[in-house]
Amino acid sequence: MSSNMTEKIKEFLKKDNKILIKLIFAIIFSFGISLLLEKFVFLKVLYKYYSIDRIFIVTCLFVFIFMHFIFKISKMYGFIYKRRFILAGVLLFFIVIRHYTGSSLSIYNDVIQYQVDSPEYNEVLGVNRAIRSDEWAINTPLSFSQNVGEEKLPYYSNIVRAAKTDMFTIVNAPVLDIVSIGKLFNIGYIFGNDVGISFWWYGRLIALMLISFEFFMLLTNKNKKLSLVFMLIITFSPAVQWWYSNFITDILIWGMLALILIDKFLREKLFRKRCIYMALIAICAISYVFIFYPAWMISFAYVYLAVFIWLLLKNHKEYSFGKKDIILVICAILFIAFIGGRYYLMSKDALNATLNTAYPGDRVSEGGGRTYILMSYIYGIFFPVASMANPCELSSMFSLFPIPMILAVIFIVFNKDRKKHLKFIIPILLAALLLTCWCVFGLPEILAKITLLDKVPGNRAVVPCGLANILLLGYILTYKNDISIKLERKLGIILLGVISLITTFLMINYEIRKVPQNLTGVAVNVITYIIFACIIFFLLLVLFKKDVDKNTNKLQKSSFYKKLVGNYYNYLLLILGMFALLCGITVNPINRGTKVIEDKPLAKEVRKIVNTDKDAIWVANNYNSYQANYLAANGAKVINSTNYYPNFDLFYKIFDESEVTDEMLNIFNRYAHIEFNLIDGKSNIEKVYDDAIRLNVNYEKVKDLQIKYLMSNDNLEKFNTDDITFTKIYDEYDFKIYSVEY
């Protein structure tokens, strides 16, 4: 009886058996775990409100985990692989209709009238990142302002800066124009801000996952397991997630996609398909240019150029290029020129103004001194949970730098088919070495100008340098069996272990000098030592596996050896994938909707005033750009919303030409967050940071500036005179609005 029951249990537990029953149990069990977590962890420790969305998301995560025990892994992932585009589309559709976003927008719940709270104003899951203020306090609210004026998604807006402002030049701002073919992920804003931000955020994430997977399928000779792991490494590297809203995601998407399409174009025999591929390549080129961030555009271009050279060298016999293709290339160039020409005609004033600013237009980089950032991935798993001033600036790609470059040299020296692999290793290694030199030492001024790296700050070059190392690692693991180094019996494994420990020690002890002190505790370093010693040990075992097995006859009899070495390849991929996930998956929160922007009492009041007085000019007095941009997101024309380029009409209304100095012009001539303060004294200007200024403006200037409304935390009625009257028309939860009559 007992034996029979045991057999039935074993039969039931077999994968791919009793699937429906197991799935039902998995859903029920996952839902139960989610409820317990909600009650005893989330509500008691992390969040203020009960959330159905959070319960649903956590339940889905656990169901996915349990599916690994219900289905055969190969069968489950085979199903996902075959239907990956359909599944990705369904997932994105669900995310968008639920209005989920990874923006830290709900921080505004604490910034604006924190006394008025609601579950809809708070994060669903994860932790908001205040350090990403350029996303939640600048780009996102100013993008929202495009949908609240009389004209939807205009190219020029009078809301931002309360002056004609080129919105296409502003990062991520949606515009309804043909040039937006270069910013396709903004298309969701046509259906409103909640759909727009959701599609922009998760559309790019899903696209990056799909494209990086296809890219590594190309690089690893269609090794699905390796491609999956390196997809995780690319997508969830610290640099990608901490800088997610700033260029890097788009750089990776459009650069890798262009290379995939170029390969398909040159292989394709049907002309109509070649036409489609060329059109898509043109869109990739436009999208890459419209990123408008030379620091990463230039440095990543070296890596992409190296991959392109490899593709040509490797596949030139399989590629074809005829007379018709010349016509296609000419058409693509003409289309790119048309879009570029349209952009230049529309944006030349903003472009010239930006290029001639003291910041960022006047920056020249010298490189050097960034080795510690190249290796900061070592502590990447602790960045999301540590108390750090600026984890973004410390983040890099999870690249194992400098190990892949060292292994690349060994791979070429001790290789059975050196000539074949030189086609890949040489161009990628040269790109990696150039970027490494720039990050670590810098280059002579003339060489920096020739290579255009003088436009690339050293701390930005670490990311493409990390990508080059990741590509080297992926390629070496693909062709690991071509290495011909011989090791002796037990000595081989012992030697690999010693090398792993020494390498880990040197890397961590170099890195530890530069990282914040709260990442250098005993527990942190022990965990880091163990993880990286294992990664390096298994990596070396993978590369030298054949020779180790061949020369360890006695050792192979050990069951411990079979467990350790027999699955070392899977162990390595598992550790790499899990570490990558831990580095990045918890960086950005999950929020839902835009009600924290639209539904606060202040937002409703601003919208009510704007509806009756559309042309009125506003100022956020005694506030910085966070609050000013909040007004702009609700339709108010705000002078001191973030000025992406300077408004000199404003400057000369505040200061008489006779009193303007070069220093004052230099302070104002920049991308600037403007703190605007009314004073009873002479107007003056102060530089707070490179990207922040303070305008102290005599209260009588409100007439010259034609200001009609001021949001202020100060009592402005003290400035009342016979000529100027400030009247408080709104006062709730520490925020006041004054109207001005003169």
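So, here is what we can say about the structure in this document. (Residues numbered from 1 in each chain as written. Predicted model: local features only at pLDDT ≥ 70, side-chain atom pairs only at ≥ 80, totals over all residues. Heavy atoms only, no water.)

1. So, the environment of Tyr 738
Counting through the fold element by element, Tyr 738 comes out in strand S12 (residues 735-741). Note: C-alpha distance between Tyr 738 and Ser 712 (26 residues apart in sequence) is 7.5 Å. Among all residues touching Tyr 738, those that are not within four sequence positions of it are Lys 708, Tyr 709, Leu 710, Ser 712, Asp 714, Asn 715, Leu 716, Glu 717, Phe 726, Thr 727 and Lys 728. Here Asp 714 takes part through its backbone oxygen, which lies 3.4 Å from a polar atom of the side chain of Tyr 738. (Helix = DSSP H or I, 4+ residues; strand = E, 2+ residues; numbered from the N terminus. Contact = heavy atoms within 4.5 Å. Polar contact = N/O pair within 3.5 Å; in protein donor to acceptor, adjacent residues only side chain to side chain.)

2. Notes on a positive patch on the surface
Taken together, Lys 82, Arg 83, Lys 222, Lys 224 and Lys 264 make up a surface patch of like positive charges. With respect to the secondary-structure elements, Lys 264 resides in helix H11 (residues 248-267). The partly exposed category is assigned to Lys 264, whose relative accessible area is 40%. (Patch = residues over 30% accessible without salt bridge, like charges linked within 9 Å, V, L, I, M, F, W, Y side chains within 5 Å. Areas by Shrake-Rupley, 256 points an atom, 1.4 Å probe, with all protein chains shown as cover. Salt bridge = Lys/Arg side-chain N within 4 Å of Asp/Glu carboxyl O. Lys, Arg positive; Asp, Glu negative; His and termini not counted. Charge placed at Lys NZ, Arg CZ, Asp CG, Glu CD. Buried < 20%, exposed > 50% of the residue type's maximum accessible area, 1.4 Å probe, protein only.)

3. Concerning the pairing of strand S10 (residues 707-712)
Look at any regular strand and the pattern is simple: side chains alternate between the two faces of the sheet. Summarising burial for S10: five of the six residues are buried, a large majority. Across five bridges, the pairing between strand S5 (residues 617-621) and S10 is parallel. From the neighbouring strand, Asn 621 faces S10, where its bridge partner is Ser 712. Bridge analysis of S10 against S12 gives four bridges, and the strand direction is antiparallel. Counterpart to Tyr 709 in the pairing with S12 is Ser 739. (Pairing = 2+ DSSP bridges.)

4. Focus: the nonpolar core
Formed by 203 residues in total, the largest nonpolar core has its most connected members in Leu 252, Phe 300, Phe 398, Leu 471 and Trp 618. The leading source of residues in this core is helix H8 (residues 193-219), at 16 residues. Residues Phe 651, Ile 654, Leu 716 and Phe 726 belong to the second largest nonpolar core, which totals 31 residues. (Core = buried A, V, L, I, M, F, W, Y, C linked by side-chain atoms within 4.5 Å.)

5. Observations regarding the packing of aromatic side chains
Taken as a whole and assessed by the stated rule, the structure comprises 49 aromatic pairs. With 5.2 Å between their ring centres and 85 degrees between their planes, Phe 651 and Tyr 652 make a pair best called edge-to-face. With a relative accessible area of 0%, Phe 651 lands in the buried category. Linked through ring pairs, Tyr 155, Tyr 156, Phe 168, Phe 290, Phe 292 and Tyr 343 together constitute an aromatic cluster. Against the face of Phe 271 rests Lys 324, its NZ or CZ located 5.1 Å from the ring centre. (Phe/Tyr/Trp six-rings, centres within 6.5 Å; stacked < 30°, edge-to-face > 60°. Lys NZ or Arg CZ within 6 Å of the ring centre and 35° of its normal.)

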